[in-house]
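Each chain is listed here by its residues.
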Amino acid sequence: MKTNTDDKDEVITANPSADGAESVEYMGGSKNDHSFWLTLAQSNYTTGKDYQQAALTNQWEKNADHFNSKHYRNSAYNSRMSKGRSNIFRPLSRAAERSSSAQAAAAFFSNMEIIDVEPENKNDPEQMFAAKVIKKMVEYYLGKKIKWYLTVMGAWQDTRVYGPCCSYTDWSYKTKEKEVEVPISNINGTESTDGRTKKNMQKIILKDDPYINLIPPENLILDPACDWRDPINTSPYVVYLAAMPLVDIQEKMDADEWFKYSEEQILSASKLTNDAVRQAREGNNRPDKHDSQERTEFKSIWVHYNFARINGEEFFYATLGTQFMLTDAAPLEDEYPIGVRPFTYGFSVIEAHKFSPSSPTEIIAGLQTGVNDLANLRIDNIKLALNKRYILRRGAPIDLEALMRSVPGGGVFTDDVEKDIKVLDTRDVTASSYREQERLETESNDITGSNMGSAVQNNRNLNQTVGGMEMLAEGQSALMDFDTRTFAESWVKPQLELLVQNIQMFVPDKAVQTLAMEGADKELEYFQRFDFTDEGGDKRKRQMSETIMSRVLKDKMTINVNVGLGATSPQRKVQTLLGAVGAITQLPSQGQNLDEDAIAKELFTASGYQDGNRFLKTEDENGPQKITEADIQAALEQGIQQGTDEVKMAQIDATLAIASGKADLAREIAFATLAAKEQMTMAELENKLQITIRKDQSHRDIEALRAKNNMRELNFKERTGKPGI
């Protein structure tokens, strides 16, 4: 029992409930007290929804209208006064979003190796292998089970239109009992050979995979006072509004997952009216998708997933709207074993101290309105210049139908041409209107970082030279790099970390484990370091695999998203990579540590080929294994020990090294051969001849080295009278 004597409203006591189970009281209500939790759900929903409608809904609705290339519903263009005037909408907001989405797709999906998984101890080979296995599992689920591309681009679009993006992550496990025929067993336990069978019920796994659902921003209710850097975990409550068909709710009730209610009660709980943001997103000419079903069993019912933190303890319970409890309030770990709220909240624009930041669509809303006004005024002006307005004398006998129709070559009847009709001349629009629109579009591109053709066309002073074009691209790429990095850190990385936690908690099936283990071993060659050919080798390998899998499922991993500077520009990405590689090669101690295959793969993927592996030969395709320093040293030691007759072994290694382009190793082997012949150590020979080993792989230097070795062999014969090397 835990008590707090400072505040009686927060006293926590343990009292026996009616059914004998322990009932814990929180602020005057127990976890089995449905009235308390329903009141809490109603209060949290009302508080959060009222703030959302007062501070965010109108702007979200306006953003959705602009994204759909429509005037906001309260715009003057939708009033009666604008009837008959030009009301076109220049899709500046949509063009900016599409441009940014294209750059984001290039940043996140031009490379198959979008993430890296690192263990806490990088010096432990077992942990490194476990990290590679979990990475393969993540890649499997992202590629096979989760629509990762659509999920990421949908979340990115939410951040560009509304400001925040949010997602819900959980594990789906469904089974089904199926009747199957199995052979009848004999008394000794063996299967009968007469073909007799019996029927047994077998459980079949229908689904055992993680899933990620994007949540529309209006369907996630948070406390307005939460920390803008981590709204999900700092908000004392989170309410997730999920629309479910009536049949799915009844299925959960029949499976005893939720409390049972009648169909009338369930339908009465769904009283959520048509949401303005959802309607603006779908379009005013479309009916509400959650209220368009004629059949009752498919009608959408709003289920509230309520998360509340009381006295430092997290609780979860589900309700039908705010009227009926679907589950008892229980600790969060009982429903979500990972122990954290299953949401990820991110953004691409940083606005400090605002948990729901502005989107680029909102930021350029004023510029969008200005572009629309200029375009429509100009069109009205052109129409008036081509089709004049007239002042007509009241009561004059004028053929109004012919005058209004304004048919080319037509005539108009009137009694007094001079007095009955007066033409109002309208001057044609000037070039200043076009220049002003260009300035507005340029400012919009500067704010959003969109690389659109109008930006190049409008910057006439810069687009005439290559340097000017590079300056334009540099500024736009820097801004987009900033936005994509913000999005990666606020949503992509936390989302993948949450996915890894789910994988570790719910343990993928054996097929996925085996697939991930084989893929990791193919890259790291972990098991090839051990000898399993002796008796009991298979058992040891199984034990090692089980140990690795236990590390996979319990070790804490760090997720890194491979999105850096220049990620939105493939050409710039290639240049940056080549520059870094060139700088590293200038450092003798680091240049030899570069992974050439990884660099080549990255260059291919940055060039637009998603999987660069198909351009690289495998070890089997490359032919014989390349000579290593260890192989050379072993050959030299053997040659020295066995005498001058066996020194030719080193000469064979030198020939192979030359054939493989290893001129520096060949030079070292040749001099080592001389050292063995003269009973000298390599160090003594190097000091005597002052050898400097330089790396040279060109054909010209290889041929020169061969000629030089031949000359030394002739000199050696003349000086010693012994056979050649």
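Each remark here, short or long, concerns the structure printed above.
Conventions adopted
Residues numbered from 1 in each chain as written. Predicted model: local features only at pLDDT ≥ 70, side-chain atom pairs only at ≥ 80, totals over all residues. Heavy atoms only, no water. Patch = residues over 30% accessible without salt bridge, like charges linked within 9 Å, V, L, I, M, F, W, Y side chains within 5 Å. Areas by Shrake-Rupley, 256 points an atom, 1.4 Å probe, with all protein chains shown as cover. Salt bridge = Lys/Arg side-chain N within 4 Å of Asp/Glu carboxyl O. Helix = DSSP H or I, 4+ residues; strand = E, 2+ residues; numbered from the N terminus. Core = buried A, V, L, I, M, F, W, Y, C linked by side-chain atoms within 4.5 Å. Buried < 20%, exposed > 50% of the residue type's maximum accessible area, 1.4 Å probe, protein only. Contact = heavy atoms within 4.5 Å. Pairing = 2+ DSSP bridges. Axes fitted to C-alpha atoms, helices over the stretch in contact; angles between N-to-C directions. Lys, Arg positive; Asp, Glu negative; His and termini not counted. Charge placed at Lys NZ, Arg CZ, Asp CG, Glu CD. Parallel < 35°, antiparallel > 145°, perpendicular 65-115°, else oblique. Left-handed = near helix turned anticlockwise from the far one by under 90°. Nonpolar A, V, L, I, M, F, W, Y, C, P; charged D, E, K, R; others polar.

Q: How should I be thinking about a nonpolar patch on the surface in this particular structure?
A: Residues Ile382, Leu386 and Tyr434 make up a contiguous nonpolar surface patch of roughly 310 Å² in combined accessible area. Considering the arrangement of structural elements, one finds Leu386 in helix H11 (residues 365-386).

Q: In this structure, what is going on with the nonpolar core? I would like to understand it.
A: For soluble globular proteins, nonpolar side chains are generally found buried alongside one another. Residues Phe108, Val133, Met137, Trp148, Phe487 and Val492 are the most contacted members of the largest nonpolar core, which totals 49 residues. Non-local contacts of Phe487, meaning those with residues more than four positions away in its chain, are made with Phe108, Val152, Ala155, Trp156, Thr159, Cys165, Phe347, Ser348 and Val492. Leu56, Phe67, Leu220 and Ile301 belong to the second-largest nonpolar core, a separate cluster that totals 40 residues.

Q: Help me understand the sheet that holds strand S5 (residues 164-183) in this model?
A: The strands making up a sheet are joined through hydrogen bonds of the backbone, oriented either antiparallel or parallel. A sheet is described by the order of its strands in space; here three strands give the open sequence S6-S5-S13, paired in antiparallel fashion. Single-partner strands in this sheet number two, and they are strand S6 (197-215) and strand S13 (343-347). Averaged over all neighbouring strand pairs, the angle between strand axes comes to 20°, with direction disregarded. Note that S5 and S13 share five bridges and pair antiparallel. Across the sheet, residue Cys165 finds its bridge partner in S13, namely Gly346. Of the strands in this sheet, S5, S6 and S13 touch helix H4 (residues 148-161), which is tilted by about 30° from S6.

Q: Is there a simple way to explain the environment of Gln323 in this structure?
A: Relative to the helices and strands, Gln323 is located in the loop between strand S10 (313-320) and strand S11 (324-325). Separated by 285 residues in the primary sequence, Gln323 and Leu38 have C-alpha atoms spaced 6.9 Å apart.

Q: Sorry if this is basic, but what is going on with a negative patch on the surface here?
A: On the surface, Asp248, Glu251, Asp254 and Asp256 cluster together to form a negatively charged patch. In this structure, Asp256 sits in the loop between helix H6 (246-254) and helix H7 (263-269). When its relative accessible area of 62% is taken as the criterion, Asp256 is described as exposed.

Q: Can you walk me through the packing of helix H3 (residues 125-144) against helix H18 (residues 537-554) in this structure?
A: Axis angle and axis distance: for two packed helices, these are the angle between their axes and the distance between the axes, and together they describe the pair. Where H3 contacts H18, the axes come no closer than 9 Å and their chain directions differ by 70°. With respect to H18, the axis of H3 lies roughly perpendicular. Between H3 and H18 the crossing geometry is right-handed. Two secondary-structure elements touch here, H3 through Glu126, Gln127, Phe129, Ala130, Val133, Ile134 and Met137 and H18 through Thr547, Ile548, Met549, Arg551 and Val552. For the contact of H3 with H18, the per-class residue count stands at eight nonpolar, two polar and two charged.

Interpretation note: all reported values are geometric properties and have no functional meaning in isolation.
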